[in-house]
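# Secondary and tertiary structure notes
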Amino acid sequence: MRKWLPLTAVCLGAFMLLVDVTIVTVALPDMAADMHSGFAGLQWVMDVYALALAALLLGAGSLADRIGRRRVYLGGLALFAAASLACGLATGPGALIAFRALQGIGGAAMFATTMALLSSAYQGRDRGVAFGVWGAVNGAAAAAGPILGGVLTEQFGWRWIFFINLPVSALAVYVTLRAVGESRDPRAKGLDLPGMATFTAGAGTLTYALIRGGEDGWTSAATLGLFGLAAVAFASFVVAELRGSHPMLDLSLFRDPAFTGIMAGSLLLSGAAFSYLMYTSLWLQSAEGMGPVGAGLVLVPLSLAAFVVAAAAGRLLHGMPARLTVGGGLLLIGIGALLQALLLDAGDGWPALVPGLVVNGVGGGAATSALVSDEIFLCLRPGMNGRRRTIRYMHLGRRDLSHFQTLSNNLIYLYVFCF
């Protein structure tokens with residue numbers, strides 16, 4: 001079982017940082033009471049974490065390609081742990097928000113390197129299993145946050161939602177040092193500073209626009225202005241990548257319809273499979289009178305189905321055409337959502353959700369495993385230089401797919417919290 005230690009190290013960090021996106025939601029009332037602060041002011045405890053995480057992902061991934069992915073991952077773990085300790089010891093809302101921003105920076109360094117670390121640690125069917133489990137863990141984190149937050153807040157106090165990160169971080173550091181090898185992008189040369197600056201500005205502004213949209217309305221002047229600034233920043237990023245000698249995102253890949261389809265599938269998967277879970281949790285607590293722990297347990301069938309199917313799909317669906325695995329997975333996600341809508345009538349309780357959640361988890365597990373497998377890159381632009389192009393796509397494409405998936409996931413989570 002030693003061969004799965006790199007997967008364990010990566011999943012520990014990914015699960016922890018994604019749980020921290022949602023774990024604070026159930027603890028905000030206790031935080032406000034303890035710090036004698038208004039709930040609106042502490043809203044930034046959630047928002048600033050997602051803001052830093054989304055804005056710095058691509059830059060952190062580009063830096064890791066050059067100086068070492070394990071090094072950046074370990075640095076992110078250390079910063080995340082230190083910021084978690086500081087959050088738990090914070091005595092005022094200002095300090096707590098500042099330390100949450102540092103948590104987001106550490107989380108960006110960790111999450112931006114996860115797919116690359118798994119790619120270098122595993123090959124063939126094992127890689128499919130590893131990515132399937134990793135994807136299922138990411139999905140489970142969305143449901144686990146409110147459960148863990150509820151248990152820790154009710155039993156030990158809200159500060160323990162941050163202190164719990166310390167032993168997990170220590171274990172992740174230990175396993176990473178023992179089992180994860182260093183890897184870099186051999187083609188990486190200089191840092192793409194214009195690209196990093198413009199993308200960070202664009203992602204940060206877009207994320208802040210989502211926050212303001214939830215607070216001020218989507219048609220307010222401030223919100224529309226921020227969306228306009230984000231569009232300008234992203235346009236500048238495209239220009240910087242097209243003109244730069246060492247772009248951190250290879251935009252030429254998007255000329256291939258198959259690669260663009262992969263990116264679209266990644267974005268649709270993130271939004272369709274997991275973005276509604278927070279709404280479901282809130283409905284269970286407000287309409288059904290369940291506590292945060294009980295509401296989180298209702299979502300376990302989705303996470304369990306996704307975990308089992310993703311792990312199995314890496315081996316059983318190895319070599320199957322990507323259009324069937326990804327397309328079929330997205331179709332099952334849609335069917336699962338439809339089942340939840342059709343089976344849930346007024347007066348029905350949580351059991352009516354379970355069949356749809358299971359089908360959703362099966363589809364999410366199958367599609368996630370396929371989206372990050374080697375086979376999905378083999379369908380891209382065949383021709384005279386097919387082998388060379390395939391190697392290039394598998395090297396650059398997976399890196400860009402990782403950055404795109406991570407960014408889209410966190411923007412979707414943030415949209416859920418703010419809408």
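Placed above this text is the structure.
Notes on the structure in this doc start here. Just so we're clear, the structure is a prediction, and the values are computed from it rather than from any experiment.

### With respect to the overall build of the protein chain
Along the backbone of the protein chain there are 18 helices and zero strands. Going through the 419 residues of the protein chain one by one, you find that 54% of them count as buried. Taking the intrachain contacts of the protein chain between residues at least 6 apart in sequence as the baseline, contacts between residues at least 24 apart amount to 82%. Looking at the protein chain as shown, the accessible area adds up to about 16700 Å², and 69% of this sits on carbon and sulfur atoms.

### Overview of the side chain of glutamate 241
If you trace the backbone, glutamate 241 turns up in helix α11 (residues 221-243). Glutamate 241 has contacts with Asp192, Gly195, Pro247, Met248, Leu249 and Leu251, leaving out every residue within four places of it along the chain.

### What to know about the side chain of glutamine 340
Structurally, glutamine 340 can be placed in helix α16 (residues 322-343). On the accessibility criterion, glutamine 340 (8% relative accessible area) is buried.

### Digging into helix α9 (residues 165-179)
Taking 1.5 Å of rise per residue, 15 residues should cover 21 Å, and α9 covers 21 Å from first to last C-alpha, within 8% of that figure. Within α9, burial applies to Asn165, Ser169, Ala172, Val175 and Thr176. Each buried residue of α9 sits inside an arc of 135° when the element is viewed along its axis, so together they form one side. The inward-facing, buried residues of α9 contact α1 (5-22), α4 (69-89), α5 (93-111) and α8 (160-163).

### Focus on a nonpolar patch on the surface
Taken together, the side chains of Leu297, Val300, Leu304, Phe307 and Val308 define a hydrophobic patch exposed on the protein surface, amounting to about 440 Å² of accessible area. When residues in the nonpolar patch are grouped by element, the largest group, four residues, is from helix α15 (residues 300-316). Mapped onto the secondary structure, leucine 297 falls in helix α14 (residues 292-298).

### Some words on the environment of valine 362
Inspection of the secondary structure puts valine 362 in helix α17 (residues 354-371). By relative accessible area, which is 29% here, valine 362 ends up partly exposed. Through-space distance from the C-alpha of valine 362 to that of isoleucine 333 is 7.8 Å; in sequence the pair is 29 residues apart. Once residues within four sequence positions are removed from consideration, valine 362 is found in contact with Ala305, Val309 and Leu332.

### Points about the pattern of salt bridges
Inspection of the entire model under this criterion finds four salt bridges. The partner of aspartate 126 in a salt bridge is lysine 3, and the shortest N-O contact between them spans 3.2 Å. Of this pair, aspartate 126 sits in helix α7 (residues 124-155) while lysine 3 sits in the segment before α1; the two residues are 123 residues apart in sequence, bridging distant segments of the chain. The shortest N-O distance in the salt bridge between arginine 159 and aspartate 34 comes to 3.3 Å. Linking arginine 159 in the loop between α7 and α8 with aspartate 34 in helix α2 (residues 28-35), this pair joins segments that are 125 residues apart in sequence. When its relative accessible area of 25% is taken as the criterion, arginine 159 is described as partly exposed.

### Describing the environment of glutamate 182
With respect to the helices and strands, the residue glutamate 182 is situated in the loop between α9 and α10 (193-216). Overall, glutamate 182 belongs to the partly exposed group, its relative accessible area being 35%. Sequence separation between glutamate 182 and serine 120 is 62 residues; the distance between their C-alpha atoms is 8.7 Å. Among the polar contacts made by the side chain of glutamate 182, one reaches the main-chain amide nitrogen of arginine 71 at a distance of 3.2 Å.

### Looking at the packing of aromatic side chains
The full count for this structure, using the stated rule, is seven aromatic pairs. Judged by centre distance (5.4 Å) and plane angle (80°), the ring pair of tryptophan 160 and phenylalanine 163 falls under edge-to-face. Taken together, the residues tryptophan 160 and phenylalanine 163, both in helix α8 and three residues apart, mark about one turn of the helix. Here phenylalanine 163 falls in the buried class, since its relative accessible area comes to 17%. Relative to phenylalanine 234, the ring of phenylalanine 199 lies with its centre 5.9 Å away and its plane at 65°, an arrangement referred to as edge-to-face. Taken together, the residues phenylalanine 199 in helix α10 and phenylalanine 234 in helix α11 connect sequence positions 35 residues apart. The exposure class assigned to phenylalanine 234 is partly exposed, which follows from its relative accessible area of 24%.

### Some thoughts on the nonpolar core
Counting 55 residues, the largest nonpolar core has Leu7, Met31, Leu96 and Trp134 as its most contacted members. Apart from the residues lying within four places of it in its own chain, the contact partners of tryptophan 134 are Leu7, Val10, Cys11, Ala14, Phe111, Thr114, Met115 and Leu118. In this structure, Leu284, Ala295, Val298 and Leu353 belong to the second largest nonpolar core, which totals nine residues.

### Here we look at the packing of α4 against α9
Put simply, α4 and α9 touch, their axes get as near as 9 Å, and they point 165° apart. Taken together, the axes of α4 and α9 are roughly antiparallel relative to one another. Crossing angle aside, the handedness with which α4 passes α9 is left-handed. The segment α4 lies against α9, with Arg70, Tyr73, Leu74, Leu77, Phe80, Ala81, Ser84 and Leu85 engaging Asn165, Leu166, Ser169, Ala172, Val173, Thr176 and Leu177. In terms of residue class, the contact of α4 with α9 is made up of 10 nonpolar, four polar and one charged.

How each quantity is defined
- Just so you know, the residues in each chain are numbered from 1, in the order the chain's sequence is written.
- With the structure being a predicted model, the display of local features is reserved for residues of pLDDT at least 70 and the display and counting of side-chain atom pairs for 80 or more, all residues being used for whole-chain, interface and lining totals.
- Computation of side-chain values: all heavy atoms of the structure, hydrogens and water removed.
- A run of H or I in DSSP counts as a helix once it spans at least four residues, and a run of E counts as a strand once it spans at least two, with each numbered from the N terminus.
- Working definition: with a 1.4 Å probe on protein chains only, accessible area under 20% of the residue-type maximum means buried, over 50% means exposed, and in between means partly exposed.
- We call two residues in contact when some of their heavy atoms are within 4.5 Å.
- Per-residue and other accessible areas follow the Shrake-Rupley method at a 1.4 Å probe size, with only the shown protein chains counted as cover for residues.
- A helix is expected to span 1.5 Å multiplied by its residue count minus one.
- The arc in question is formed by the directions pointing from the helix axis toward the C-beta atoms.
- The patch calculation keeps residues exceeding 30% relative accessible area without a salt bridge and links them within 9 Å when they carry like charges or within 5 Å when they are nonpolar (Val, Leu, Ile, Met, Phe, Trp, Tyr).
- Throughout this description, the term salt bridge denotes a Lys or Arg side-chain nitrogen within 4 Å of a carboxyl oxygen of Asp or Glu.
- In the analysis that follows, any N or O atom pair within 3.5 Å is treated as a polar contact, provided that within protein one partner can donate a hydrogen and the other can accept it, and provided that, for residues neighboring in sequence, both atoms belong to side chains.
- Under the pairing criterion, centres of Phe, Tyr and Trp rings, with the six-membered ring standing for Trp, must be within 6.5 Å; the plane angle then separates stacked pairs below 30 degrees from edge-to-face pairs above 60, leaving the rest tilted.
- We define the nonpolar core as a collection of buried residues of types Ala, Val, Leu, Ile, Met, Phe, Trp, Tyr and Cys that are connected through side-chain atoms lying within 4.5 Å of one another.
- Helix axes are fitted to C-alpha atoms over the stretch in contact, other axes to C-alpha atoms as well, and angles between N-to-C directions run from 0 to 180 degrees.
- Angular relationships are summarised with four words: roughly parallel below 35 degrees, roughly antiparallel beyond 145, roughly perpendicular across 65 to 115, and oblique for the angles in between.
- In this scheme, a crossing is called left-handed if the near helix is turned counterclockwise away from the far one by less than a right angle; it is called right-handed if the turn is clockwise.
- Throughout, the ten residues Ala, Val, Leu, Ile, Met, Phe, Trp, Tyr, Cys and Pro are labelled nonpolar, Asp, Glu, Lys and Arg are labelled charged, and all others, Gly among them, are labelled polar.

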